[in-house]
Amino acid sequence: MSLSVSLSGLSKSFAARPALKGISCEFGAGKVNVVLGPNGSGKTTLLRIVAGLESPDGGSIAYTGGGGIVPAGNTLMRRMTLVSQWPVLFDTTLFKNVAFGLRLRGLPPGVVSERVDEAIEAGGLGRLAHARARTLSAGESQRAAFVRAYALRPELLLLDEPTANLDPDGVALIERLILRMKEDYGTTSVLVTHNIFQARRLADTAFLMFGGEMVESGPASGFFGSPARELTRKFLSGEVVY
Amino acid sequence: MDIILNGLIKAFGLILSFDRELYAIILLSLRVSVLAVVISTVLGVPVGALCALRRFPGRGIIITLLNTFMGLPPVVAGLVVYLFLSRSGPLGFLGLLYTPSAMVIAQSVIAFPIVAALTWSSVSSVRPAVRETAITLGASPVMVDWRVVCEARLGVYSAVIAGFGRTMAEVGAVLIVGGNIVGYTRVMTTAIAMETGKGSFELAIALGVILLAISFMVNALLRLAQGKGGVV
């Protein structure tokens, strides 16, 4: 199963400074939705609202899955997860970090152990399974945070610059896992990134945000091949749009 | 210097003599302090954590009071407990004055704000991102709070250690509510105070050395537990 997300007229301000100005869009089920945009365009705020970490000032957000609207609450929160640009690992072992969310979902210990081992191996961190999280390098921590989300097999995976601290091998690994989650579990991903090349590699649907507004969105082929808006074309070609 | 040296020699002699009265005093000191710390921990950790994790009316006043009472003079605590437990006091009917129970109550009153305030401080210092991460992994509000407290556990252990140190070293309150009755409410600190008053400095120093040694051992055990608690 996978979740789709519909945003309608979403707005948010911080200290009277608008971060989102009436955003409306849909993140399609089972797709990799990539949100592009320069710094301060509102991408992270959008993701935090979808993740339930912030409340919008206006507008609405609807999660649909399994043939109906999924109401907000703990059940919804356990069907999705967020990996942030600055990964936070709990002060315990990597294994226990990855097991945390699985245990919350009431899975039997044997299943938890199996899923944790599989995820840690998939993330290339097998030799560090029982290392303290605080001893991991920045790149390892970033991969560990992704692995923790991967183990949950979420229906909606929210990613805020998940490869920002990684070397090219690490980036390739995370990208492979994002695609594997889509193929194997039908996971819907919403990926926020500055990396246009990464967006081209992964996106089924692409979105461009600028100044708290959604400038353009559409299937990746059209978005990258023949953007409708001049601002999108300039952004994709690397011209300054800040 | 001779007095101190002789005190040290006497301390070893006392320990090796297996003097029943001395060991009774040591055991009572430990019993009273450990019980007081357990009570302070059971009450103080949840209060400190609640003040750090939730916003509610009166929270600011509670935090200010806890910080204020961290510096509560033991004799004042002892006096208040005395007035409550004295025959004419509101809890006089319990008949606890001049008993080890009264000493436990007085020491709990002293240690509680220390444990609660230091717990509040350590739980408050956990990064908000920890809470958000737990939420995004599907934790319920209670589990989110538990995770945050787990992240602050080293600070909470320190709060308990500080509370224990305060109770072991305390003399004024236990003297007032316990009465320093030989074989019943006499503890290390009240014995030291009494021996000093009598001019028996060597014995006072010997008792002081033993008190320090016990305090060191208990703190070492707590530190060991702190280390073992590193992975939760």
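Computed from a prediction, not measured in an experiment: that's the story for all the values here. (Residues numbered from 1 in each chain as written. Chains lettered and ligands numbered in written order. Predicted model: local features only at pLDDT ≥ 70, side-chain atom pairs only at ≥ 80, totals over all residues. Heavy atoms only, no water.)

Chemist: Looking at this model, I keep getting lost on the pattern of salt bridges. Mind explaining?
Modeler: Close approach of charged atoms allows side chains of opposite charge to pair. One pass over the structure, following the stated rule, counts 17 salt bridges over all chains. Between glutamate 230 of chain A and arginine 233 of chain A there is a salt bridge; the shortest N-O distance is 2.8 Å. Placement of both glutamate 230 of chain A and arginine 233 of chain A in helix α9 (residues 230–236) is noted, with a separation of 3 residues, approximately one turn of the helix. Under the relative-accessibility criterion, glutamate 230 of chain A is labelled partly exposed at 46%. Residue class for arginine 233 of chain A comes out partly exposed when judged on its relative accessible area of 35%. Note that aspartate 145 of chain B and arginine 54 of chain B form a salt bridge whose closest N and O atoms lie 2.5 Å from each other. (Salt bridge = Lys/Arg side-chain N within 4 Å of Asp/Glu carboxyl O. Helix = DSSP H or I, 4+ residues; strand = E, 2+ residues; numbered from the N terminus. Buried < 20%, exposed > 50% of the residue type's maximum accessible area, 1.4 Å probe, protein only.)

Chemist: Can you help me understand the packing of helix α6 (residues 128–136) of chain B against helix α7 (residues 141–151) of chain B in this one?
Modeler: Angle between the axes and distance between the axes: these two values describe a pair of packed helices. Residue and element names in this part refer to chain B. Contact pair α6 / α7: the axes reach a minimum separation of 9 Å and the direction vectors enclose 140°. Taken together, the axes of α6 and α7 are oblique relative to one another. In this structure, α6 crosses over α7, and the sense of that crossing is right-handed. Across from Val130, Arg131, Ala134 and Ile135 in α6, the residues of α7 making contact are Val144, Asp145, Arg147, Val148 and Glu151. Residue classes in the contact of α6 with α7 are distributed as 5 nonpolar, no polar and 4 charged. (Axes fitted to C-alpha atoms, helices over the stretch in contact; angles between N-to-C directions. Parallel < 35°, antiparallel > 145°, perpendicular 65-115°, else oblique. Left-handed = near helix turned anticlockwise from the far one by under 90°. Contact = heavy atoms within 4.5 Å. Nonpolar A, V, L, I, M, F, W, Y, C, P; charged D, E, K, R; others polar.)

Chemist: So what exactly am I meant to see when it comes to the interface of chain A and chain B here?
Modeler: Listed by partner, the interface residues are 22 residues for chain A and 20 residues for chain B. Between chain A and chain B lies a buried interface of about 1800 Å² when both sides are counted; carbon and sulfur atoms form 61% of it. Area buried by chain A at its contact with chain B is led by Val88, Phe90 and Phe100 of chain A, which between them contribute 29% of it. For arginine 48 of chain A, the salt bridge goes to glutamate 132 of chain B, with nearest N and O atoms at 2.6 Å. Seen at the junction of chain A and chain B, the total is 6 residue pairs in polar contact (both at pLDDT 80 or more). Every element with two or more residues in the side of chain A that touches chain B is listed here: α2 (74–77), β6 (80–83), α3 (94–104) and α5 (138–152) of chain A. Of all the elements, α3 of chain A adds the most residues to the side of chain A that touches chain B, at 4 residues. (Buried area = accessible area lost by both parts, 1.4 Å probe. Polar contact = N/O pair within 3.5 Å; in protein donor to acceptor, adjacent residues only side chain to side chain.)

Chemist: Is there a simple way to think about the layout of surface pockets in this case?
Modeler: Space left empty within the atom packing is revealed by a probe, the size of a water molecule, rolled over the atoms. A volume near 350 Å³ is recorded for the largest pocket. Around the largest pocket, the lining comprises 21 residues; the ones closest to its centre are Leu82, Val83, Ser84, Gln85 and Trp86 of chain A. Those elements that provide at least two residues to the lining of the largest pocket are α1 (43–50), β6 and α5 of chain A together with α6 of chain B. Ranked by the residues each element gives to the lining of the largest pocket, the list is headed by α6 of chain B, at 4 residues. Of the residues belonging to the lining of the largest pocket, the class tally is 11 nonpolar, 6 polar and 4 charged. (1 Å grid on protein atoms, 1.4 Å probe; cavity = no way out; pocket = protein on both sides within 12 Å on 5 of 7 lines; lining within 4 Å. Points joined across faces, edges and corners; volume = space filled by probe spheres on them.)

Chemist: Sorry if this is basic, but what is going on with a nonpolar patch on the surface here?
Modeler: All names here are of chain B. Residues Val75, Val76, Val80, Phe84, Leu91, Phe93 and Leu94 make up a contiguous nonpolar surface patch of roughly 630 Å² in combined accessible area. Here phenylalanine 84 is to be found in helix α4 (residues 74–85). The class of phenylalanine 84 is partly exposed, set by a relative accessible area of 42%. (Patch = residues over 30% accessible without salt bridge, like charges linked within 9 Å, V, L, I, M, F, W, Y side chains within 5 Å. Areas by Shrake-Rupley, 256 points an atom, 1.4 Å probe, with all protein chains shown as cover.)

Chemist: What am I meant to see in the sheet that holds strand β9 (residues 205–210) of chain A here?
Modeler: In a beta sheet, neighbouring strands pair by backbone hydrogen bonds and run either parallel or antiparallel. Residue and element names in this part refer to chain A. Reading across from one edge, β6-β7-β8-β3-β9-β10 is the order of the 6 strands in this open sheet, with mixed pairing throughout. For this open sheet the edge positions go to β6 and β10 (213–219), each flanked by a neighbour on one side alone. On average, each strand axis in the sheet is tilted by 15° relative to the strand beside it, whichever way the strands run. With 4 bridges joining them, strand β3 (residues 32–36) and strand β8 (residues 188–192) adopt parallel strand pairing. Bridge assignment links valine 34 to a residue of β8, and that residue is leucine 191. Packing of α1 onto the sheet brings it into contact with β3, β6, β7 (156–160), β8 and β9, and relative to β7 it is tilted by some 150°. The strands touched by helix α6 (residues 168–185) within the sheet are β3, β7 and β8, with β3 carrying the most contacts at an inclination of about 140°. (Pairing = 2+ DSSP bridges.)

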